[in-house]
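Listed below, chain by chain, are the residues.
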Amino acid sequence: MMREKMRRRHRKKQTQRTIRRMRQKRIHRKRKSKRIGRIHGKRWGDGRGGDRGRLKCLGDGEQTDYSVITKTEDLKAVMDFVKAQPCVDASRITMIGQSMGGLVTSLVAAERADEIADVVLFYPGLMAPENLREEYPTAADLPTEPAKFLGAEVGPVFFWDSYDLDVYGTIGNYTGLVLLLHGTADKLVPVSVSEKAL
């Protein structure tokens, strides 16, 4: 009899804990849903992780599957998507990039200079292809398996796509406004990289 009471009490406590956890998860999902809705607006996301208005990007998947070229194509797809929105003034598009994203932003800005009003770059990784050529003197030396490069593990496609890029020769095609922010104590991307771009 005593054991039965203890079992019932234990089950009741377990049930109450489970219900509390379910309520907490539901509240968390609702809060997250509202945040996503606020960030993306009703046109860009349904706040429930659905695909309504979602972009499929080439770089979706593992980090070892992307390259500077796939990310550049992804950014151009995002740009086309944003420009197609009725609430967007396509003449006032500003692109912002940080580190490797700064490299990608710079390349897209150079390619689509007439479509971008201005660019903001935070310590852009413009030196990546040069560093790659220093580390691997010939294309035959490039890794055929994922390897560490500039602090991240990247796949062979990153090496192959980046090897022949002439970043400084390309980014000069963008003549619009640029805000370039770079700390002098940056060890991964030296400030000389940004100075060279000026």
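Throughout, residues of each chain are indexed from 1 in the direction in which the sequence is written. Two thresholds apply to this predicted model, a pLDDT of at least 70 for residue-level local features and 80 or more for giving and counting side-chain atom pairs, whereas whole-chain, interface and lining totals are computed over all residues. Hydrogens and water molecules were not included; the side-chain quantities draw on all heavy atoms of the structure.

### Things to note about a nonpolar patch on the surface
Stage number 1. Patch membership needs two things, relative accessible area over 30% and no salt bridge, and members are linked within 9 Å if like-charged or within 5 Å if nonpolar (Val, Leu, Ile, Met, Phe, Trp, Tyr). The method behind every accessible area is Shrake-Rupley, applied with a 1.4 Å probe, and residues are considered shielded solely by the protein chains displayed. The salt bridge definition used is simple: a Lys or Arg side-chain nitrogen within 4 Å of an Asp or Glu carboxyl oxygen. Side chains of Ile96, Phe122, Leu179 and Leu181 sit close together on the surface and give an oily, nonpolar patch of about 350 Å² of accessible area.
Stage number 2. Tracing the backbone through its elements, the reader meets Leu179 in strand S5 (residues 177-181). Helix and strand definitions follow DSSP, with helices as H or I runs of at least four residues and strands as E runs of at least two, each counted in order from the N terminus.

### Considerations on the environment of Phe159
Stage number 1. With respect to the helices and strands, Phe159 occurs in helix H5 (residues 156-162).
Stage number 2. Sequence separation between Phe159 and Arg133 is 26 residues, and the spatial gap between their C-alpha atoms is 9.5 Å.
Stage number 3. Setting aside chain neighbours within four positions, we find Phe159 in contact with Leu132, Tyr136, Leu142, Pro143, Ala147, Phe149 and Val154. Contacts: residue pairs with any heavy atoms within 4.5 Å of one another.

### A few points about the sheet that holds strand S2 (residues 118-122)
Stage number 1. Paired strands, as defined in this entry, are two strands with at least two bridges between them according to DSSP. With respect to topology, three strands assemble into an open sheet ordered S1-S2-S5, the strand pairing being parallel. If you trace the sheet from one side to the other, it starts and ends with strand S1 (94-98) and S5, each paired once. For this sheet, the mean angle separating the axes of adjacent strands, direction not counted, is 10°.
Stage number 2. With five bridges connecting them, S2 and S5 associate as parallel partners. Considered in S5, the bridge of Asp118 is made with Leu177.
Stage number 3. All axes here are fitted lines through C-alpha atoms, helices being fitted over the stretch that makes contact, and every angle between N-to-C directions spans 0 to 180 degrees. Across the sheet, helix H3 (residues 100-111) touches S1 and S2, and the angle it forms with S1 is around 145°.

### Topic: the side chain of Ser67
Stage number 1. In this structure, Ser67 sits in the loop between helix H1 (2-44) and helix H2 (68-83).
Stage number 2. Those residues in contact with Ser67 that lie beyond four places of it in its chain are Val157, Phe158 and Asp161.

### As for helix H4 (residues 128-135)
Stage number 1. Here the term buried applies to any residue with accessible area under 20% of the maximum for its type, exposed to any over 50%, and partly exposed to those in between, with areas from a 1.4 Å probe on protein chains only. Taken as a whole, H4 has its buried residues at Ala128, Pro129 and Leu132. Along the long axis of H4, the arc covered by the buried residues comes to 95°, so they all point the same way.
Stage number 2. In the core, the buried residues of H4 are packed alongside H3, strand S3 (147-149), H5 and helix H6 (167-171). Taking the helix axis as origin, the arc is that swept by the directions to the C-beta atoms.

### Details of H3
Stage number 1. A helix's residues, less one, multiplied by 1.5 Å, set its expected span. Between its first and last C-alpha atoms H3 spans 17 Å; for 12 residues at 1.5 Å apiece the expected length is 16 Å, and the two agree.
Stage number 2. Of all 12 residues in H3, nine are buried, a share of seventy percent or more.
Stage number 3. Along H3, the positions that sit buried rather than exposed are Gly102, Leu103, Val104, Thr105, Ser106, Leu107, Val108, Ala109 and Ala110.
Stage number 4. In this structure, the buried side of H3 is in contact with H2, S1, S2, H4 and H6.

### Focus on the packing of aromatic side chains
Stage number 1. Two aromatic rings from Phe, Tyr or Trp, using only the six-membered ring of Trp, form a pair when their centres are within 6.5 Å; if the ring planes differ by under 30 degrees the pair is stacked, by over 60 it is edge-to-face, and anything between is tilted. Evaluation of the coordinates by the stated rule reveals five aromatic pairs.
Stage number 2. Taken together, a centroid distance of 5.8 Å and an interplanar angle of 70° make the contact between Tyr136 and Phe159 edge-to-face. Residue Tyr136 is located in the loop between H4 and S3, and its partner Phe159 is located in helix H5; the two are separated by 23 residues in the primary sequence.
Stage number 3. Note on Phe159: relative accessible area 0%, which makes it buried.

### Considerations on the pattern of salt bridges
Stage number 1. This model, assessed by the stated rule, comprises six salt bridges.
Stage number 2. Residue Lys76 pairs with Glu73 through a salt bridge whose shortest N-O separation is 2.9 Å. Within this pair, Lys76 and its partner Glu73 are both found in helix H2, separated by three residues, close to a single helical turn.
Stage number 3. Across the pair Glu111 and Lys76 runs a salt bridge, and its minimum N-O distance is 2.7 Å. Pair noted here: Glu111 is in helix H3 and Lys76 is in helix H2, with a separation of 35 residues, a long-range link.
Stage number 4. Residue Lys76 is classed as buried on the basis of its relative accessible area, which comes to 9%.

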